[in-house]
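Residues per chain, in single letters:
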Amino acid sequence: MAQIVGVRFKSVGKIYYFDPDGLDICPNIHVIVETARGVEMGEAVIGRREVDEREVVQPLKKVIRIATDEDFGQEQANRAKEKEAFDVCMQKIKDHKLDMKLVDVEYTFDGNKILFYFTSDGRVDFRELVKDLAAVFRTRIELRQIGVRDEAKMLGSYGICGRNLCCSQFLGDFAPVSIKMAKEQGLSLNPTKISGTCGRLMCCLKYEQDAYEELIRKTPRQGAIVKTPNGKGTVVYVNLLKGKIKVRVDGEDEKTLSEFDVGDVKVIRDVVREEPEVIDEEAIKTLAD
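Examining the sheet that holds strand 3 (residues 30–35)
In spatial order, the strands read 2-1-4-3-5; together these 5 strands make up an open sheet with antiparallel pairing. Every other strand in the sheet has two partners, leaving strand 2 (15–18) and strand 5 (63–66) as the edge strands with one partner each. Ignoring strand direction, the axes of neighbouring strands in this sheet form an average angle of 45 degrees. Across 4 bridges, the pairing between strand 1 (residues 2–8) and strand 2 is antiparallel.

Next up, the structure:
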């Protein structure tokens, strides 16, 4: 077993394990640690505990210390400098006429590096920009291109549900989301209906997918031949969430449909599921990329 504390460096971000080095660290305590980027301040979200060695990537870096008042002052000063650095970088981007959108600026705790996050539709030659920024700030400069999902996570906004974006509130990682999920959940394939603020498929499509897959596995498809308490018939309509199907029973009036619970029928011959028509194939492909 290995002793660890879980530290998060952003309000909604990944949790990294560190060696507490004998310190009594509880959740919500800020600590100073050494990372691959340098010395950083983070919040302990998992207190000191033991975990299986297989869950840990060795060697674990040790916690340097519990954050002091001076450390909080340094962190606050860094946040103020980030705003100034953002304005300077924006002006330099305009001067160099670069096709890029600056999203965020981040100082490492010790001030040895400044990270500039940006989005762009393609590759950007920012070598001259880095030189100019290094001349102004006289420290290490790193420009990092991010995707539109990461941009939405950093900036935050509101979704079509009227609530804050999930990615900026509680999602530590982006789960894979596919067009198949929207199809299986019976959603309209209109891009404006299934895309989030970032312009990609909504992350919330993933939340109920496991339940839909289980229902689909147990429910006869439309067109399937089934045995019902009233005799053999063909499935005409499926209500997946209610667990109900409507069947045209052989020998009865073609206009009369009988409704049954899924558990009361037995599939005699199933059919291959038909894919819903895609309204805008190019737009759907963009969402899925």
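The discussion continues.
Here we look at helix 7 (residues 209–218)
Within helix 7 the residues assigned to the buried category are Gln209, Tyr212 and Ile216. With its buried residues spanning 60 degrees around the axis, helix 7 presents them on a single face. In helix 7, the exposed positions angled more than 90 degrees off the buried face are occupied by Asp210 and Arg217. The inward-facing, buried residues of helix 7 abut helix 5 (179–184).

Structural notes on the pattern of salt bridges
Using the criterion set out here, one finds 17 salt bridges in the structure. For Arg127, the salt bridge identified is with Asp125, shortest N-O distance 2.8 Å. Classification of Arg127 by relative accessible area gives exposed; the value is 58%. With a relative accessible area of 49%, Asp125 lands in the partly exposed category. Ionic pairing is found between Lys244 and Asp261, a salt bridge with its closest N-O pair at 2.5 Å. A residue pair is termed long-range when its members are at least 10 positions apart, and Lys244 in strand 11 (residues 244–249) and Asp261 in strand 12 (residues 258–261) qualify at 17 residues. Through salt bridges with shared partners, one network takes in Lys10, Arg37, Glu40 and Glu106.

Here's the deal with the layout of surface pockets
Each pocket or cavity is described by its volume, and for the largest pocket that value is around 1,400 Å³. Looking at the lining of the largest pocket, the elements with two or more residues in it are strand 2, strand 3, strand 4 (38–51), helix 1 (69–96), strand 6 (101–107), helix 3 (148–155) and helix 4 (166–169).

Let's talk about the nonpolar core
Counting residues in hydrophobic clusters, the biggest one holds 16 residues, and the most contacted among them are Met100, Ile114, Phe116, Leu133, Phe137, Ile141 and Leu143. At the level of elements, helix 1, strand 6, strand 7 (113–119), helix 2 (127–137) and strand 8 (140–145) are the ones that each hand at least two residues to this core. Setting aside residues up to four positions removed in sequence, Leu143 forms contacts with Met100, Phe116, Phe118, Phe126, Leu129, Val130 and Leu133.

Some details on the side chain of Gln209
Positionally, Gln209 belongs in helix 7. Within the local environment of Gln209, its side chain forms a polar contact with the side chain of Glu184, the two groups lying 2.5 Å apart.

Overview of the state of the cysteines
Each disulfide is one covalent bond, formed between the sulfur atoms of two cysteines. Inspection of every chain in the model, using the stated rule, returns 0 disulfides. Distance from the sulfur of Cys203, which forms no disulfide, to the nearest cysteine sulfur (Cys167) is 5.9 Å. Distance from the sulfur of Cys204, which forms no disulfide, to the nearest cysteine sulfur (Cys166) is 6.0 Å. Exposure remark for Cys204: the relative accessible area of 35% places this residue in the partly exposed category.

Overview of the side chain of Glu151
Note on placement: Glu151 falls in helix 3. Non-local contacts of Glu151, meaning those with residues more than four positions away in its chain, are made with Lys101, Val103, Thr119 and Ile146.

Let's talk about the environment of Glu82
Relative to the elements of secondary structure, Glu82 occurs in helix 1. Note on Glu82: relative accessible area 11%, which makes it buried. Separated by 150 residues in sequence, Glu82 and Lys232 have C-alpha atoms that sit 71 Å apart. With residues up to four places along the chain from it excluded, the contact list for Glu82 reads Val105, Glu106 and Tyr107.

What to know about the sheet that holds strand 6
Sheet architecture is open: 3 strands sit in the order 6-7-8, paired in mixed fashion. Of all strands in the sheet, those bounded by a partner on one side alone are strand 6 and strand 8. Strand-to-strand twist across the sheet, computed as the mean angle between neighbouring axes with direction ignored, equals 20 degrees. Bridge count between strand 6 and strand 7: 6 bridges; the pairing is antiparallel. Bridge pairing links Lys101 to Thr119 in strand 7. Contacting strand 6 and strand 7, helix 1 runs over the sheet at an angle of about 145 degrees to strand 6. Relative to the sheet, helix 3 contacts strand 6 and strand 7, its axis offset from that of strand 6 by approximately 60 degrees.

Here's the deal with helix 3
The complete set of buried residues in helix 3 reads Arg149, Glu151, Ala152 and Lys153. Buried positions along helix 3 lie against strand 6, strand 7 and helix 4. Backbone geometry just after helix 3 places Gly156 at a positive phi near 75 degrees.

So, how was this worked out
- Throughout this document, residue positions are counted from 1 along each chain, in the order its sequence is written.
- Local features in this predicted model are restricted to residues of pLDDT 70 or higher, and side-chain atom pairs are both shown and tallied only at a pLDDT of 80 or more, whereas totals for entire chains, interfaces and linings draw on every residue.
- Hydrogens and waters are ignored; side-chain quantities use all the structure's heavy atoms.
- A pair of strands is labelled paired if DSSP reports no fewer than 2 bridges between them.
- By the criteria applied, helices consist of DSSP H or I runs no shorter than four residues and strands consist of E runs no shorter than two, each listed in order from the N terminus.
- Interaxial angle, 0 to 180 degrees, is taken between N-to-C directions of lines fitted to C-alpha atoms, where a helix line uses only the stretch in contact.
- Accessibility here uses a 1.4 Å probe with only protein chains present; expressed as a share of the type maximum, an area under 20% marks a residue as buried, one over 50% as exposed, and anything in between as partly exposed.
- Note that the arc is computed from the directions linking the helix axis to the C-beta atoms.
- Contacts are assigned to residue pairs with any non-hydrogen atoms lying within 4.5 Å of each other.
- We define a salt bridge as a contact between a side-chain nitrogen of Lys or Arg and a carboxyl oxygen of Asp or Glu at a distance within 4 Å.
- As defined here, a cavity is a set of points on a 1 Å grid over the protein atoms alone where a 1.4 Å probe fits but cannot get out. A pocket is an open set with protein on both sides within 12 Å along at least five of seven lines, and residues line them when an atom is within 4 Å of a point.
- Grid points are joined across faces, edges and corners, and a volume is the space filled by probe spheres set on the points.
- Here, nonpolar core refers to any group of buried Ala, Val, Leu, Ile, Met, Phe, Trp, Tyr and Cys residues whose side-chain atoms link them within 4.5 Å.
- Counting of polar contacts relies on pairs of N or O atoms within 3.5 Å, with two restrictions inside protein: one atom must be capable of donating a hydrogen and the other of accepting it, and residues adjacent in sequence are counted only when both atoms are side-chain atoms.
- A pair of cysteine sulfur atoms is labelled a disulfide when the two atoms are within 2.5 Å.

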